[in-house]
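So the chains spell out like this:
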Amino acid sequence: MSTDDPKTLVSTDWLAAHLNDPDLRVIDASWYLPASGRDARAEYEDGHIPGARFFDIDDISDGVSSLAHMAPPVEKFMSRLRTMGVGDGHQVVVYDGAGLFSAARVWWLFRLMGKTDIAVLDGGFVKWQAEGREIEDMPPVVKDRHMTAQRQNHLVRDVTQVAAASKLRDWQIIDARGPSRFKGEEPEARPGLRAGHIPGSVNVPYSSLLNQDSTMKRGDALAAAFTDAGVDLDRRVITTCGSGITAAILSLGLEILGHRDWSLYDGSWAEWGQFDQLKVETG
């Protein structure tokens with residue numbers, strides 16, 4: 001039985017079968033940490049899935065915030081997507097060049113804007129290429145498409161709301177960073193940030209949700225990634241990470257498991273770690 005779900009995750013087989021559908025739009029949402037030395041746009045221009053548009057996570061963001069790639073205003077999101085030829089009535093599939101990394105962030109952004117017909121490509125461009133599937137280096141032919149959006153505020157949390165959740169423990173806070181960063185044993189790459197984690201949060205490294213080929217685990221294996229870390233899947237959850245990118249992988253995993261009561265802390269550690277008045281735990 002197929003596990004493809006055009007609202008969460010689809011396989012490379014599914015995308016190949018639907019690639020020429022008139023109302024399908026494919027988005028390359030590759031984004032890499034500066035230390036990786038990779039240039040997402042240059043890689044897109046060298047080769048991408050046929051018809052894919054490039055989604056610049058740092059550009060399609062809140063230009064007023066001092067924090068990187070915070071969610072953009074609704075109007076900016078709609079404007080940018082219209083010029084990309086993505087709009088109402090389209091089924092969107094988003095992928096990235098790392099396998100399953102930044103694509104989940106764009107999946108979350110679409111959901112935040114009230115757009116539910118979006119799925120992440122399981123295994124991403126890495127799996128697509130490994131299977132010898134078609135790629136191209138030509139820009140897509142783009143036709144402007146009307147886009148409407150309505151922000152779903154329940155899918156995002158700000159620092160004040162997360163501080164309250166940390167104090168009251170009425171939400172579970174789960175952190176997607178690696179164990180050494182979560183414990184405060186590894187210094188943060190961004191200058192001025194303290195090391196450690198939000199008090200009361202638990203560590204579910206995003207990599208624990210993935211198979212070796214960067215596809216998402218399913219069923220009991222996916223659930224165990226959360227429950228083995230002490231997460232109660234019957235309680236509401238706030239996901240967090242370094243800057244709101246990999247937190248979305250946790251959100252995607254929760255959605256696949258049928259957990260609907262989750263929200264993402266957009267500022268994540270890039271925000272929390274800079275304020276001395278906010279408590280930090282280590283170890």
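Residues numbered from 1 in each chain as written. Predicted model: local features only at pLDDT ≥ 70, side-chain atom pairs only at ≥ 80, totals over all residues. Heavy atoms only, no water.

The next point concerns the packing of aromatic side chains. Applying the stated criterion across every chain, the model contains 6 aromatic pairs. Plain terms: the ring middles of Trp 31 and Phe 101 are 6.4 Å apart, the flat faces sit at 20° to each other, and that makes the pair stacked. Here Phe 101 lies in the loop between β4 (91–95) and α4 (103–112) and Trp 31 lies in the loop between β2 (24–28) and α2 (40–46), a separation of 70 residues in the sequence. The buried category is assigned to Trp 31, whose relative accessible area is 9%. (Phe/Tyr/Trp six-rings, centres within 6.5 Å; stacked < 30°, edge-to-face > 60°. Helix = DSSP H or I, 4+ residues; strand = E, 2+ residues; numbered from the N terminus. Buried < 20%, exposed > 50% of the residue type's maximum accessible area, 1.4 Å probe, protein only.)

The subject of this paragraph is the packing of α4 against helix α9 (residues 247–256). Viewed as axis vectors pointing N to C, α4 and α9 meet at an angle of 65°, and their least axial separation amounts to 8 Å. Between α4 and α9, the interaxial angle falls into the category roughly perpendicular. Both α4 and α9 take part in a crossing whose hand is left-handed. Facing α4, whose interface residues are Ala 104, Arg 105, Trp 107, Trp 108 and Arg 111, α9 presents Ala 248, Ile 249, Ser 251, Leu 252 and Glu 255. Broken down by class, the residue content of the contact of α4 with α9 amounts to 6 nonpolar, 1 polar and 3 charged. (Axes fitted to C-alpha atoms, helices over the stretch in contact; angles between N-to-C directions. Parallel < 35°, antiparallel > 145°, perpendicular 65-115°, else oblique. Left-handed = near helix turned anticlockwise from the far one by under 90°. Contact = heavy atoms within 4.5 Å. Nonpolar A, V, L, I, M, F, W, Y, C, P; charged D, E, K, R; others polar.)

Looking now at the sheet that holds strand β10 (residues 262–265). Strand pairing within a sheet occurs via backbone hydrogen bonds; the two strands may be parallel or antiparallel. The strand order β6-β10-β9-β7-β8 describes an open sheet built from 5 strands, whose pairing is parallel. With partners counted over all chains shown, the strands left at the sheet margins are β6 (156–157) and β8 (202–203), one partner each. One ladder, built from 4 bridges, connects strand β7 (residues 172–175) with strand β9 (residues 237–240); its direction is parallel. Considered in β9, the bridge of Gln 172 is made with Val 237. (Pairing = 2+ DSSP bridges.)

One face of the sheet, then the other: side chains in a regular strand alternate in exactly this way. Burial of the side chains of β7 extends over both faces: Gln 172 and Ile 174 are buried on one face and Ile 173 and Asp 175 on the other. Relative to β8, β7 runs parallel, the two being bridged by 2 bridges. Within β8, the residue paired with Asp 175 across the bridge is Asn 203.

Here we come to a negative patch on the surface. A cluster of acidic side chains, namely Asp 39, Glu 45, Asp 46 and Asp 137, defines a negative patch on the protein surface. Within the element layout of this structure, Glu 45 appears in helix α2. (Patch = residues over 30% accessible without salt bridge, like charges linked within 9 Å, V, L, I, M, F, W, Y side chains within 5 Å. Areas by Shrake-Rupley, 256 points an atom, 1.4 Å probe, with all protein chains shown as cover. Salt bridge = Lys/Arg side-chain N within 4 Å of Asp/Glu carboxyl O. Lys, Arg positive; Asp, Glu negative; His and termini not counted. Charge placed at Lys NZ, Arg CZ, Asp CG, Glu CD.)

Pairing is parallel in the open sheet, where 5 strands are placed in the order β1-β5-β4-β2-β3. At either end of the open sheet lies a strand with only one pairing partner, and these are β1 (9–10) and β3 (53–54). In the sheet, β1 pairs with strand β5 (residues 118–121) via 2 bridges, with the strands oriented parallel. Bridging from a neighbouring strand, Val 10 pairs with Leu 121 of β5. This element, α4, spans β2, β4 and β5 of the sheet and lies at about 175° to β5.

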